[in-house]
Amino acid sequence: MIKSDILNQLQTLWKLSDWAVMVSRKVLTLVLVTRPNQVLLGMKKRGFGEGWWNGFGGKVEKGETIIEAAKRELQEECCLTANTLTEVGQLDFEFVGDPQILEVHLFTTKDVSGVPTETSEMKPQWFDIDKIPFHKMWPDDKLWFPHVLKGSKFSAFFLFEGHHKILKHKIDVVTEQSHIDSEVK
Ligand SMILES: Nc1[nH]c(=O)nc2c1ncn2[C@H]1C[C@H](O)[C@@H](COP(=O)(O)OP(=O)(O)OP(=O)(O)O)O1
């Protein structure tokens, strides 16, 4: 009896440690700058997602908040200062064979200072919202962009095999309402 209790406890601990490995997360930011009928995207010149158009963002560094990271990355990647950011949602990405989940915090802003400028990481360009180059973007983007353009808030999960194939996905729309009131400094 006692022996089986110990065995049960060991099994539980083993499952917990397994779970702890599975939920190891890398926290990143992604910012979409908009103006009437257009969105600013950047051509990623190096690193993760190279060769694809995307919003601006990257890893949250030690000691900074997610908002601070989002603003810093926008500045570093295309020289724009975000005066406010609107929280839109969270995108979680899992890659088959990789225990680390990418947790991407998505923001929009219309309220920026400066001129979009090419840097060593990104080449910025304005796109009409009916001409977004989804064929040269992460494959998940075409699934969640419509929610952003409608002003919805959502959270989403994508399971990738490699970088081109989505095996599973789930998008939960939190609110259909415009989130004009939720801007953060
Ligand atoms: N499937 C996906 N769809 C998407 O639209 N954006 C994604 C994405 N997966 C990651 N991103 C975004 C999040 C973030 O803004 C960017 C990756 O950031 P970085 O290239 O800066 O990350 P790294 O881990 O390479 O950071 P650094 O080593 O600091 O450059 O790509």
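Please refer to the structure placed before this passage.
It should be emphasised that the depicted structure is a prediction, and the values quoted were computed from it without experimental measurement. (Residues numbered from 1 in each chain as written. Predicted model: local features only at pLDDT ≥ 70, side-chain atom pairs only at ≥ 80, totals over all residues. Heavy atoms only, no water.)

*Asks:* Please clarify how the overall build of the protein chain should be interpreted in this entry.
*Replies:* Within the protein chain, the secondary structure is distributed over three helices and eleven strands. Seen in sequence order, the protein chain has helices and strands lined up from the N terminus as α-β-β-β-α-β-β-β-β-β-α-β-β-β. Taken over 185 residues, the protein chain has a buried fraction of 41%. Summarising the internal contacts of the protein chain: among those between residues at least 6 apart in sequence, 67% fall at separations of at least 24. (Helix = DSSP H or I, 4+ residues; strand = E, 2+ residues; numbered from the N terminus. Buried < 20%, exposed > 50% of the residue type's maximum accessible area, 1.4 Å probe, protein only. Contact = heavy atoms within 4.5 Å.)

*Asks:* Any chance you could explain the site of the ligand here in plain terms?
*Replies:* In the vicinity of the ligand there are 15 residues, among which Lys26, Thr29, Lys44, Asp140 and Asp141 approach most closely. Note that an oxygen atom of the ligand is positioned 2.7 Å from one of the backbone N or O atoms of threonine 29. Contact between the ligand and glycine 57: an oxygen atom at 3.4 Å from a main-chain N or O atom of the residue. With the chains in place, 84% of the 640 Å² that the ligand exposes on its own is no longer accessible. (Near = heavy atom within 4 Å. Polar contact = N/O pair within 3.5 Å; in protein donor to acceptor, adjacent residues only side chain to side chain. Areas by Shrake-Rupley, 256 points an atom, 1.4 Å probe, with all protein chains shown as cover.)

*Asks:* Sorry, what's going on with the pairing of strand S10 (residues 165-175) here?
*Replies:* Note on strand geometry: in a regular strand, side chains alternate between the two faces of the sheet. Here strand S9 (residues 153-161) runs beside S10; their pairing, made up of nine bridges, is antiparallel. In the sheet register, serine 155 faces S10, and the bridge partner there is aspartate 172. The turn joining S9 and S10, which pair antiparallel and follow one another in sequence, is formed by three residues; a positive phi near 65° is taken by glycine 162. (Pairing = 2+ DSSP bridges.)

*Asks:* Hey, could you run me through the state of the cysteines in this one?
*Replies:* Cysteine pairs can be linked by a disulfide, which is a covalent bond between their two sulfur atoms. By the definition in use, this model includes zero disulfides. Cysteine cysteine 78 is unpaired, with the sulfur of cysteine 79 as its nearest cysteine sulfur at 6.7 Å. (Disulfide = S-S within 2.5 Å.)

*Asks:* It is not clear to me how the pattern of salt bridges should be interpreted in this structure. Could you clarify?
*Replies:* Pairing between side chains of opposite charge can happen when the charged atoms of each approach one another. For the coordinates displayed, the defined rule picks out eleven salt bridges. Arginine 46 is paired through a salt bridge with glutamate 121; the nearest N and O atoms lie 3.8 Å apart. Placement of the pair is arginine 46 in the loop between strand S2 (38-44) and strand S3 (53-54) and glutamate 121 in the loop between strand S7 (112-113) and strand S8 (122-128), with a sequence separation of 75 residues. Close ionic contact of arginine 72 with glutamate 76 constitutes a salt bridge, the shortest N to O distance being 3.3 Å. With arginine 72 and glutamate 76 both in helix H2 (residues 66-78) and four residues apart, this pair spans about one turn of that helix. Relative accessible area serves as the criterion here: at 16%, arginine 72 is assigned to the buried category. Salt bridges sharing partners connect three or more residues here, namely Glu61, Glu64, Arg72, Glu73 and Glu76. (Salt bridge = Lys/Arg side-chain N within 4 Å of Asp/Glu carboxyl O.)

*Asks:* Is there a simple way to explain the nonpolar core in this structure?
*Replies:* Nonpolar side chains tend toward joint burial in soluble globular proteins. The biggest cluster of nonpolar side chains holds 26 residues, and the ones touching the most others in it are Leu41, Leu91, Leu106 and Trp144. Each residue touching leucine 106, except ones within four places of it in the same chain, is listed here: Leu30, Leu32, Thr86, Glu87, Val88, Gly89, Leu91, Trp144, Val148 and Phe154. Counting residues in each nonpolar core, the second largest holds 13 residues, with Val31, Phe56, Ala82 and Phe107 among its members. (Core = buried A, V, L, I, M, F, W, Y, C linked by side-chain atoms within 4.5 Å.)

*Asks:* When you look at the side chain of histidine 105 in this model, what are you seeing that I'm missing?
*Replies:* Tracing the backbone through its elements, the reader meets histidine 105 in strand S6 (residues 98-109). Note on histidine 105: relative accessible area 15%, which makes it buried. When near neighbours in sequence (up to four residues on either side) are disregarded, histidine 105 contacts Val27, Leu28, Thr29, Leu30, Ile66, Gly89 and Gln90.

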